[in-house]
Amino acid sequence: MLDIKYIIDNTDTVKKSLARKGFPSENIDSLISTYLEMNKLKTSSQALAETKNKLSNSIKSATAEERPSIIAKSKELGEELKKEQEELSILETKFNDMMLRLPNYPSPDCPDGPDDTHNVVIRKVGTPRTFDFTPKDHIELMEMNDWSEMERIAKVSGSRTYAIKNDLAQLELAIHMMVLDKLRSHGFTVITVPALSKERPLYGQGYLPFSRDEIYYMPADDLYLSGTAELILNSLRADEILSENELPILYAGFSPCFRREAGAAGKDTRGLVRVHQFMKTEQFVICKNDIAESEKWHQKLLAISEEVLQDLELPYQVLDICTGDMGAPKYRQYDLEAWVPSQNCYRETHSCSNITDWQARRTNLRYRDNADGKVKYVHTLNNTGIATPRALVPFIENHQNADGTVNIPVKLRPYLGGKTKIGKNA
RNA sequence: GGAGAGUUGGCAGAGUGGUAAUGCAGCGGAUUGCUAAUCCGUCAUCGUGAAUAGCGAUGCACAGGUUCGAGUCCUGUACUCUCCGCCA
């Protein structure tokens, strides 16, 4: 959500900024006129309320003879007021709906463009490996090592699900443990959170009102399945006024994640790349309302996830996401993509975003600034720590040997009982 | 699932029909000056203002209702705690 007063005082700047994300300028004009209309009505109904309050309060000290006429007059005003307030609440609902649909301002530094073809590669780290044998894709590797039950689980749980077993199942958990340890060493609070969410957090995160199709909903309990721990962590402190001394708050959230993948028909239908349910360790930061401060944390989060891919010894590239490809909540977004040999390209493993105060305005999460005692909205940021099973795809493909075994990078070995290699022939 | 108790500001905590006490913390100011104390103000949201000035509206979990007037009375919902039941 954005600040309406800023929009009114800087209409042209706002229009230009949001146009970079494809948001129509006319919508800003109608937003402002709705706001002005709403305030006009608000002013008149408040004046009415003032008169009525004064009248009501005078009853206590009025004489018995005076009372009936005052009560009658007050009752009359009450009905008039009620009518105005009903009109007002219709306008308020309209205004709030419009506010909820405004995307965040994009950073002046991020690239412009309508879609992902305009994302900019900032750097590539590591070199894609040249194999002296024909590398297998991750599905073949799973089959030959007895690491999965892909066909059988589809019968039980439907398409885009997975069941992995033996060394691969333990590898999945080991990677999360490694990342959680790393985050803890960087000062993060490790926290496991539910996959269940009420509706309000979805508005708080900015998933709603934009993409309801992507979310599992359970009408019997009026609950949603969370697509990421970010959803939960972003609302964990909702409506609080924090002390500045509590900031920054760093969470390393671990949770199952659910996505309907409604818009991904036909994409990545086989294997572990795109599934309805997966496990994610998430980095989430709540910091002061200061762009230099949140940009510092944005770089820090990016550095941590790069470190994760380096520890996993995977070649990757860093993308600066363009205005048209980043979601509505984002001020700036970097994606990390790891090299997938079987697809001969880089595939997304991490998405690192600075949301500035856009989510905090929705969750009403604020803090009291030490310098001036003022209450301000916090900035929030999020980044993947690691998401599995997707990350297992580049992992087992990059580290495979000709005999189907998979090498374990040094940093991960302590989490797998010191194993250097996994697989049937290991 | 059953029974009971509860939900008031950043925190603590009064208030059972007539304008939300008080304390602590934070912020601003004054004063005194031995690392601090004291006093005053402020302390959430919104409207109207150039205004961080005044004035006003709103705010006691949420949504309704009764009333001239609701933190207070009534109904519903959510959540928390205690006990019972069930259970990974």
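About the criteria used
- Residues numbered from 1 in each chain as written.
- Chains lettered and ligands numbered in written order.
- Predicted model: local features only at pLDDT ≥ 70, side-chain atom pairs only at ≥ 80, totals over all residues.
- Heavy atoms only, no water.
- Core = buried A, V, L, I, M, F, W, Y, C linked by side-chain atoms within 4.5 Å.
- Buried < 20%, exposed > 50% of the residue type's maximum accessible area, 1.4 Å probe, protein only.
- Helix = DSSP H or I, 4+ residues; strand = E, 2+ residues; numbered from the N terminus.
- Contact = heavy atoms within 4.5 Å.
- Salt bridge = Lys/Arg side-chain N within 4 Å of Asp/Glu carboxyl O.
- Expected span 1.5 Å × (residues − 1).
- Disulfide = S-S within 2.5 Å.
- Near = heavy atom within 4 Å.
- Polar contact = N/O pair within 3.5 Å; in protein donor to acceptor, adjacent residues only side chain to side chain.
- Phe/Tyr/Trp six-rings, centres within 6.5 Å; stacked < 30°, edge-to-face > 60°.
- Pairing = 2+ DSSP bridges.
- Axes fitted to C-alpha atoms, helices over the stretch in contact; angles between N-to-C directions.
- Patch = residues over 30% accessible without salt bridge, like charges linked within 9 Å, V, L, I, M, F, W, Y side chains within 5 Å.
- Areas by Shrake-Rupley, 256 points an atom, 1.4 Å probe, with all protein chains shown as cover.
- Lys, Arg positive; Asp, Glu negative; His and termini not counted.
- Charge placed at Lys NZ, Arg CZ, Asp CG, Glu CD.
- Parallel < 35°, antiparallel > 145°, perpendicular 65-115°, else oblique.
- Left-handed = near helix turned anticlockwise from the far one by under 90°.
- Nonpolar A, V, L, I, M, F, W, Y, C, P; charged D, E, K, R; others polar.

The next thing to look at is the nonpolar core. Membership of the largest hydrophobic core comes to 51 residues, with the highest contact counts inside it found for Leu-171, Ile-175, Leu-312, Phe-395, Ile-396 and Leu-412. Looking at which element gives the most residues to this core, the answer is helix H7 (residues 167-185), with eight residues. Non-local contacts of Phe-395, meaning those with residues more than four positions away in its chain, are made with Leu-171, Ile-175, Leu-312, Leu-314, Val-406, Asn-407, Ile-408, Pro-409 and Leu-412.

All right, on to the pattern of salt bridges then. Following the criterion strictly, the structure yields 24 salt bridges and no others. Residue Glu-307 is joined to Lys-182 by a salt bridge in which the shortest nitrogen-to-oxygen separation is 2.7 Å. One end of the pair, Glu-307, is in helix H10 (residues 291-311); the other, Lys-182, is in helix H7, and 125 residues separate them in sequence. When the shortest N-O distance is used, the salt bridge between Arg-237 and Glu-240 registers 3.1 Å. The network of salt bridges with common partners includes Asp-146, Glu-149, Arg-152 and Lys-165.

A few words now on helix H4 (residues 67-100). Between its first and last C-alpha, H4 extends 47 Å over 34 residues, near the 50 Å set by a 1.5 Å rise per residue. Close packing links the buried residues of H4 with helix H1 (4-9), helix H3 (25-59), helix H8 (199-205) and helix H11 (358-363).

Before going further, it helps to examine the state of the cysteines. Scanning the model with the defined rule gives zero disulfides in all. No disulfide involves Cys-345; its sulfur sits 18 Å from that of Cys-322, the nearest cysteine. By relative accessible area, which is 26% here, Cys-345 ends up partly exposed.

We now examine the protein's contact with RNA strand B. In the region of RNA strand B, 26 residues are neighbours, and Tyr-35, Thr-43, Ser-56, Ile-59 and Ser-74 sit closest. The protein-proximal atoms of RNA strand B, defined as those within 4 Å of the protein, are 86% sugar or phosphate. Between RNA strand B and the protein, one listed contact pairs a base nitrogen with a side-chain N or O atom of Gln-46 at 3.0 Å. One of the side-chain nitrogen or oxygen atoms of Ser-74 is found 2.3 Å away from a sugar or linking oxygen of RNA strand B. Those elements that provide at least two residues to the surface near RNA strand B are H3, H4 and strand S12 (366-368).

Turning to the packing of aromatic side chains, a few remarks are in order. Per the stated rule, a full pass over the model turns up six aromatic pairs. Aromatic pair Tyr-6 and Tyr-105: ring centres 6.0 Å apart, planes at 65°, arrangement edge-to-face. In this pair, Tyr-6 sits in helix H1 while Tyr-105 sits in the loop between H4 and strand S1 (120-125), placing the two residues 99 residues apart along the sequence. Assessed through its relative accessible area of 37%, Tyr-6 is described here as partly exposed. An angle of 40° between the planes, with centres 5.3 Å apart, marks the rings of Tyr-35 and Phe-95 as tilted. Placement of the pair is Tyr-35 in helix H3 and Phe-95 in helix H4, with a sequence separation of 60 residues.

Our next topic: unusual backbone geometry. The peptide bond linking Leu-208 to Pro-209 adopts the cis configuration, its omega dihedral lying at 5°. Looking at the secondary structure, you find Pro-209 in the loop between H8 and strand S4 (217-218). A cis amide bond links Thr-388 with the next residue in sequence, Pro-389, at an omega value of 15°. By the element assignment, Pro-389 lies in the loop between strand S14 (379-388) and helix H12 (392-398). Here Asp-146, not a glycine, exhibits a phi torsion of approximately 55°, which is positive.

So, on to the sheet that holds strand S11 (residues 345-356). Strand order in the open sheet formed by eight strands is S1-S9-S10-S11-S14-S8-S7-S2, with mixed pairing between adjacent strands. At either end of the open sheet lies a strand with only one pairing partner, and these are S1 and strand S2 (189-192). Neighbour-to-neighbour, the strand axes of this sheet turn through a mean angle of 25°, independent of strand direction. Bridging between strand S9 (residues 316-320) and strand S10 (residues 332-340) involves five bridges; their strand directions are antiparallel. Within S10, the residue paired with Val-318 across the bridge is Leu-336. Contacts from H7 reach S2, strand S7 (249-258), strand S8 (277-287) and S14 within the one sheet, and its direction differs from that of S8 by about 5°.

The subject of this paragraph is a negative patch on the surface. On the surface, a cluster of negative charge is contributed by Asp-115, Asp-116, Asp-325 and Glu-348. Within the secondary structure, Asp-116 sits in the loop between H4 and S1.

The next point concerns the packing of H3 against H4. Between H3 and H4, the least distance of the axes is 8 Å, while the angle of their chain directions is 160°. As far as their axial angle goes, H4 and H3 are roughly antiparallel. As for how H3 packs across H4, the hand of that crossing is left-handed. When the residues that make up the contact of H3 with H4 are grouped by side-chain class, the tally is 17 nonpolar, nine polar and ten charged.

The values are spatial; any link to function lies outside them.
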